[in-house]
Amino acid sequence: EAVTSELIPGLQSFLSLDLRYNCITDEGAGHLADLLKENVCLRFLDLTCNDIQTDGAEYIAKSLTSNDALLSLRLTGNKIGNGGAMHFASMLQVNSTLQELDVADSDLGTQSVIAFAIVLNNNKSLRSVNISRPLLFSHQEETAVHLSGMLVVNQCLRELHLGKMGMTDYGVERLTDALRTNYTLKYLDLRCNRVTRDGARCLAKVLKNNGTLEILDLASNRIEDDGALYLSQAIALPTCNLKALSIPNNNIATVGLVSLSRAMQANNTLTHIYIWGNRLEEPAFSDLLSSGRLSSEQTDVCVYEVDGCVCLAEVFHGLKRHYYWTPSYGQDVNPASNAAVALTNTQLYPNSSHTP
């Protein structure tokens, strides 16, 4: 598990190191930490789905307190736990270089999520943070309250991923209270939560007045027709600058889908929309696709006809392909399957040629 310059010639000059889906344990993480202490070139390190736990997280976090080169660190799927995440929160108090930190599906706890929120009040370098699927057992949504307070203060963060947090409309309302005065967050990920029409109404109010938010992911919630109507009213306004909306699996029927289709006709800014998994009784989006208003590369449905009946079928397009359980090979050559990367890449890494 030793990863050293002696074993890999030229390692000191590498810009990106992809070690996803290996069996790197805490011992290997220690060797990587030694590398990070020495390396002045490495910009992107992907350790998705290894066997790194609390001790390994501590080694890497401590090495980053003295590293001023690394821009992106992904630890998705490593069970670093609450203790390991606390080490990274402490690191962010010192490190002023890291721009992207992904610790989703890593068994974070309430304490560490709140710690990240507190640290981000002062951290000025982080542009993207993913803390999806923590292990939260409280129903009071303290984490949403702290994250809301952070968004009021932090004017540097561009992406915030809060999927699978059990967030309800109350938590969404707290976040939207903060977003009314936040003019830097461009990508808000709330997939797989418990958001209903009331949460969608709060988000619609933000979209009407805050022209900064460009990508909104509400996949696998339950906003239904009423929630889709609220969002449609906001999207139809010229003040809404939303570029991508993801609402698969939200129990939306024809009324909601037709309203979204009409809103897209009124506002050309929204270019990507994902709707599969809703109640597609009628092909509400077939006119958008046939007219060219909606590109087939920018949605997750396609139109086909059988015996004179127009139907919709699912295609594998979406905001983000590289979920940690999804096989991935090299760089994406098809941006349709990873649209969020194409929409946000230049914003996150303005001085690099990195493609996550």
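Cut-offs used in this document
- Residues numbered from 1 in each chain as written.
- Predicted model: local features only at pLDDT ≥ 70, side-chain atom pairs only at ≥ 80, totals over all residues.
- Heavy atoms only, no water.
- Helix = DSSP H or I, 4+ residues; strand = E, 2+ residues; numbered from the N terminus.
- Areas by Shrake-Rupley, 256 points an atom, 1.4 Å probe, with all protein chains shown as cover.
- Buried < 20%, exposed > 50% of the residue type's maximum accessible area, 1.4 Å probe, protein only.
- Polar contact = N/O pair within 3.5 Å; in protein donor to acceptor, adjacent residues only side chain to side chain.
- Salt bridge = Lys/Arg side-chain N within 4 Å of Asp/Glu carboxyl O.
- Core = buried A, V, L, I, M, F, W, Y, C linked by side-chain atoms within 4.5 Å.
- Contact = heavy atoms within 4.5 Å.
- Pairing = 2+ DSSP bridges.
- Axes fitted to C-alpha atoms, helices over the stretch in contact; angles between N-to-C directions.
- pLDDT = per-residue confidence, 0-100.
- Expected span 1.5 Å × (residues − 1).

A. Highlighting the overall build of the chain. For the chain, the helix and strand inventory stands at 11 helices and 12 strands. Just so you have it, the chain exposes about 14800 Å², and 51% of that area is on carbon and sulfur atoms.

B. Quick look at the environment of serine 72. Residue position: serine 72 is located in strand S3 (residues 72-74). Placed 28 residues apart in sequence, serine 72 and glutamate 100 show a C-alpha to C-alpha distance of 4.5 Å.

C. Molecular detail of the side chain of arginine 20. One can find arginine 20 in the loop between strand S1 (16-18) and helix H1 (26-38). Exposure remark for arginine 20: the relative accessible area of 17% places this residue in the buried category. A distance of 2.5 Å separates polar atoms of two side chains, one belonging to arginine 20 and the other to aspartate 18.

D. Spatial organisation of the side chain of serine 132. Of note, serine 132 is situated in the loop between strand S5 (128-130) and helix H5 (142-153). One polar contact links serine 132 to asparagine 130, side chain to side chain, over a distance of 2.8 Å. A distance of 2.9 Å separates a polar atom in the side chain of serine 132 from the backbone nitrogen of glycine 163.

E. Broad picture of the pattern of salt bridges. In this structure the tally under the stated criterion is 15 salt bridges. The residue arginine 201 makes a salt bridge to aspartate 198 at a minimum N-O spacing of 3.3 Å. Of this pair, arginine 201 and aspartate 198 are both found in helix H7 (residues 197-209), three residues apart, which corresponds to roughly one turn of the helix. Look at arginine 201 and you get partly exposed, because its relative accessible area is 35%. In this structure, the salt-bridge partner of arginine 222 is glutamate 224, at a minimum N-O distance of 3.6 Å. Each of the salt bridges in this network shares a partner with another, and the network as a whole consists of Glu173, Arg174, Asp177 and Arg180.

F. The nonpolar core, seen in detail. Judged by nonpolar contacts, the single largest core of 86 residues is most densely connected at Leu47, Leu73, Phe88, Phe116, Leu245 and Phe285. Ignoring sequence-local partners within four residues, the contact set of leucine 245 consists of Leu216, Leu231, Ile235, Leu260, Leu270, His272, Ile273 and Tyr274. Counting eight residues, the second largest nonpolar core, distinct from the first, contains Tyr187, Leu319, Ala340 and Leu343.

G. Representation of the pairing of strand S12 (residues 309-314) in the model. Pairing between strand S11 (residues 301-306) and S12: six bridges, direction antiparallel. Considered in S12, the bridge of valine 306 is made with cysteine 309. Counted along the chain from S11 to the antiparallel partner S12, the turn is two residues long, and its residue aspartate 307 has a positive phi close to 55°.

H. Expanded view of the sheet that holds strand S2 (residues 44-46). With parallel pairing, 10 strands are arranged side by side in an open sheet as S1-S2-S3-S4-S5-S6-S7-S8-S9-S10. With partners counted over all chains shown, the strands left at the sheet margins are S1 and strand S10 (272-274), one partner each. If you compare each strand with its neighbour and ignore which way they point, the axes differ by 0° on average. As paired strands, strand S6 (residues 159-161) and strand S7 (residues 187-189) are joined by three bridges and run parallel to one another. Residue pairing in the sheet places glutamate 159 in a bridge with tyrosine 187 of S7.

I. Representation of the environment of histidine 161 within the structure. In this fold, histidine 161 is placed in strand S6. Take histidine 161: its relative accessible area is 4%, and that puts it in the buried class. Taking the C-alpha atoms as reference, histidine 161 lies 6.2 Å from isoleucine 131; in sequence the two are 30 residues apart. In this structure the side chain of histidine 161 is engaged in a polar contact, spanning 2.8 Å, whose partner is the side chain of glutamate 159.

J. Examining helix H2 (residues 54-64) more closely. Of the positions making up H2, those classed as buried are Gly56, Ala57, Glu58, Ile60, Ala61, Ser63 and Leu64. Check the buried side of H2 and you find it contacts H1, S3 and helix H3 (81-91).

K. Molecular detail of the confidence of the model for the chain. Averaged over every residue, the pLDDT of the chain is 88; residues scoring 70 or more account for 89%. Within the model, the stretch residues 346-356 combines pLDDT values under 50 with 24 contacts to residues more than four positions away or in other chains.

L. Here's a closer look at helix H9 (residues 254-266). Helix length check: H9, at 13 residues, gives a terminal C-alpha distance of 18 Å against a target of 18 Å (1.5 Å per residue), a fit within 8%. Listed as buried for H9 are Gly256, Leu257, Ser259, Leu260, Ser261, Ala263 and Met264. Against the buried residues of H9 lie helix H8 (224-235), strand S9 (244-246), S10 and helix H10 (286-291).

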